[in-house]
Amino acid sequence: MQTINIGLFGFGTVGSGLAEALCSQHERILRRSGLSLKLTKIAARSLSSLPPQLAGVELVKDADALINDPSIHIFVELIGGIEPARTCILKAIAAGKHVVTANKALLSQHGKELFAAAAAKGVEVGFEGSVGGGIPLIKALKEGLAANKLLAVMGILNGTANYILTRMTEERLPFAEALREAQRLGFAEADPTYDVEGIDTAHKLAILMTIAYGMNISPQQIATEGISTIEPVDIEFAREFGCRIKLLAVSRDIGGAVEARVHPTMVPTAHLLASISGANNAVEFCGDLTGSIILSGAGAGRLPTGSAVAADVIDIARNIAAGAVGRVPALSYLPEQIVDRPIAPLSALSCPFYLRITALDKPGVLAKIAAILSGHGISIESVIQKGRRENEPVAVVILTHTAKEEAVAAALREIDSLDTVAAPTVRIRMLGEE
Ligand code: HSE
């Protein structure tokens, strides 16, 4: 029986989940692969000892102790962040080690460099744990959908944001309290602005887009808006319009260009993505052969993400044993086939819009707003105004028919400059027949 040795750098939430997965499933993995996967060393600076279940695993102080150990086949990086993760991974690759990481920030910003180094050295890089926690999204794209042209990839990729929106919807909690809860539950990023401002979602979308479309893309090319401007009143109006607000990542291959955007979205309740609650994630892949496929499940957490990282370790171990390293290209396409493609500007988008205008409650205000919208070719589907506060600001909510992003932006510039409009208009795109 062949043994594959694993060195783990980082013993936080996901690291401890991986260790548990490899130890508790050792026999099952052996029955499935014929291989003994042995976690031999863990590098964790802040620990003085390992838990008793990991007796036999050596605790070392730094990543060099793993990189310089010739018996280690697979180097697993789970410390997160850009440095020292990037340097350690490059050193591990240079030392001929295969690499597994769940580091979405690093891959989305420095993936090109890391994958090129790995290809030059003939080692594998696994990164299933970087997107969608325990959901095997990357394997589905790289292998299950290998015969398809991907037409669209869209979904809920941040558990914290989805948890906050769910708690605001179901329990009517204010944003800040829902965020505090998510932080207590342990799936928020160290810097929660990554979760609530859509940055983490953009990192994950960039990774999925590279594999789906065989293209280079950095998170900076993705138009990104977060959920921190969403107020309970928007959640209530969304309910009245038969929708739920979700932080969606959306990409579509629209021919020459590719759409790439992350923003709060009104999702009709009949759509499956509207029913994804709590910290769960869900992604819809549209293949030209398969049509729509939706995968959903735990998007974060110790054991789900530990399971995804373990799956990469098993894949690489199998390839080593079969003499088939590099059988599936790391990014699904051959490195030389990964191309630059133009990203469609957000201004070119068309979809229905939700507009919450804070306007003075007095005669003629709505007529003026309607005239501005119609002047920009925007047609109104419905209007709601709740309550009556004469000459005071009230929320006037307008749902438009499909309209051009550019036209809506121009109309809102005019509307927001009216002296009867008291605050910037909140605008949420609706999932429609874009
Ligand atoms: N902060 C991330 C989330 C963790 O909330 O989804 C998983 O990547």
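This is a predicted model, so every value here is computed, not measured.

K.L.:
I keep staring at the environment of Ile-82 and nothing clicks. Help me out?
P.N.:
Among the secondary structure elements, Ile-82 is positioned in the loop between β4 (74-77) and α4 (85-94). Overall, Ile-82 belongs to the partly exposed group, its relative accessible area being 27%. Between the alpha carbons of Ile-82 and Arg-341 there is a distance of 26 Å; along the sequence they are 259 residues apart. Contacts of Ile-82, omitting those with residues within four sequence positions, involve Ala-105, Leu-106, Gln-109 and His-110.

K.L.:
Can you walk me through the UniProt feature "active site" (unreviewed entry) in the protein chain in this structure?
P.N.:
Taking the UniProt record as the reference, the feature "active site" (unreviewed entry) is found at Lys-204. Tracing the backbone shows Lys-204 in helix α10 (residues 199-213). For Lys-204, the contacting residues outside a window of four places in its chain are Lys-104, Ser-130, Val-131, Leu-157 and Asn-158.

K.L.:
Explain the sheet that holds β4 to me, please; I cannot follow it from the model alone.
P.N.:
Backbone hydrogen bonds are what pair the strands of a sheet, in a parallel or an antiparallel way. One open sheet accounts for six strands, arranged β3-β2-β1-β4-β5-β6; its pairing is parallel. Each edge of the open sheet carries a strand with a single partner, namely β3 (58-60) and β6 (125-126). Where strand β1 (residues 2-9) and strand β2 (residues 35-43) come together, eight bridges link them in parallel fashion. Bridge assignment links Asn-5 to a residue of β2, and that residue is Lys-38. Strands in contact with helix α12 (residues 302-322) are β1, β2, β4, β5 (98-101) and β6; relative to β5, the strand with the most contacts, it is inclined by about 165 degrees.

K.L.:
Can you help me understand the site of the ligand in this one?
P.N.:
All residues adjacent to the ligand are Lys-104, Asn-158, Gly-159, Thr-160, Phe-187, Ala-188, Glu-189, Asp-195, Asp-200, Lys-204, Gly-299 and Ala-300. Between an oxygen atom of the ligand and a side-chain N or O atom of Lys-104, the distance comes to 2.6 Å. Note that a nitrogen atom of the ligand is positioned 2.6 Å from one of the side-chain N or O atoms of Glu-189. For the ligand, whose unbound accessible area comes to 260 Å², protein coverage reaches 89%. At the level of secondary structure, the elements contributing two or more residues to the shell around the ligand comprise α7 (159-170) and α10. Residues of the shell around the ligand, tallied by class, amount to three nonpolar, four polar and five charged.

K.L.:
Help me understand the domain arrangement of the protein chain in this model?
P.N.:
Where interface size is quoted, it is often the accessible area lost as the parts come together. Looking at the assigned domains, one finds that the protein chain contains domain 1 (2-133 + 302-332), domain 2 (137-298) and domain 3 (347-430). If you average the C-alpha positions of domain 1 and of domain 3, the two centres end up 52 Å apart.

K.L.:
Sorry, what's going on with helix α1 (residues 13-24) here?
P.N.:
One turn of the α-helix equals 3.6 residues, which is why residues spaced by three or four share an orientation. With twelve residues, α1 should cover 16 Å at 1.5 Å per step; its first-to-last C-alpha distance of 16 Å lies within 8% of that length. Of all the positions in α1, only Gly-15, Ser-16, Gly-17, Leu-18, Ala-19, Ala-21 and Leu-22 are classed as buried. At its buried positions, α1 is contacted by β1, α2 (26-33), β2, β4 and α12.

K.L.:
I tried to follow the pattern of salt bridges on my own but got confused; where do I start?
P.N.:
Should their charged atoms come close, side chains of opposite charge can pair. Tallied over the entire structure, the rule returns 24 salt bridges. A salt bridge links Glu-143 to Lys-139; the nearest nitrogen and oxygen atoms lie 3.2 Å apart. Highlighted residues: Glu-143 and Lys-139, both in helix α6 (residues 137-144), separated by four residues, approximately one helical turn. A relative accessible area of 30% means that Glu-143 is categorised as partly exposed. Between Glu-170 and Arg-244 there is a salt bridge, with its nearest N and O atoms 3.7 Å apart. Of the two residues, Glu-170 is situated in helix α7 and Arg-244 in strand β10 (residues 243-253); the sequence distance between them amounts to 74 residues. Residue classification places Glu-170 among the partly exposed residues on the basis of a relative accessible area of 44%.

Criteria and cut-off values
Residues numbered from 1 in each chain as written. Predicted model: local features only at pLDDT ≥ 70, side-chain atom pairs only at ≥ 80, totals over all residues. Heavy atoms only, no water. Helix = DSSP H or I, 4+ residues; strand = E, 2+ residues; numbered from the N terminus. Buried < 20%, exposed > 50% of the residue type's maximum accessible area, 1.4 Å probe, protein only. Contact = heavy atoms within 4.5 Å. UniProt positions renumbered as here; feature names shortened; annotations may be inferred. Pairing = 2+ DSSP bridges. Axes fitted to C-alpha atoms, helices over the stretch in contact; angles between N-to-C directions. Near = heavy atom within 4 Å. Polar contact = N/O pair within 3.5 Å; in protein donor to acceptor, adjacent residues only side chain to side chain. Areas by Shrake-Rupley, 256 points an atom, 1.4 Å probe, with all protein chains shown as cover. Nonpolar A, V, L, I, M, F, W, Y, C, P; charged D, E, K, R; others polar. Domains from an automatic or database assignment. Expected span 1.5 Å × (residues − 1). Salt bridge = Lys/Arg side-chain N within 4 Å of Asp/Glu carboxyl O.

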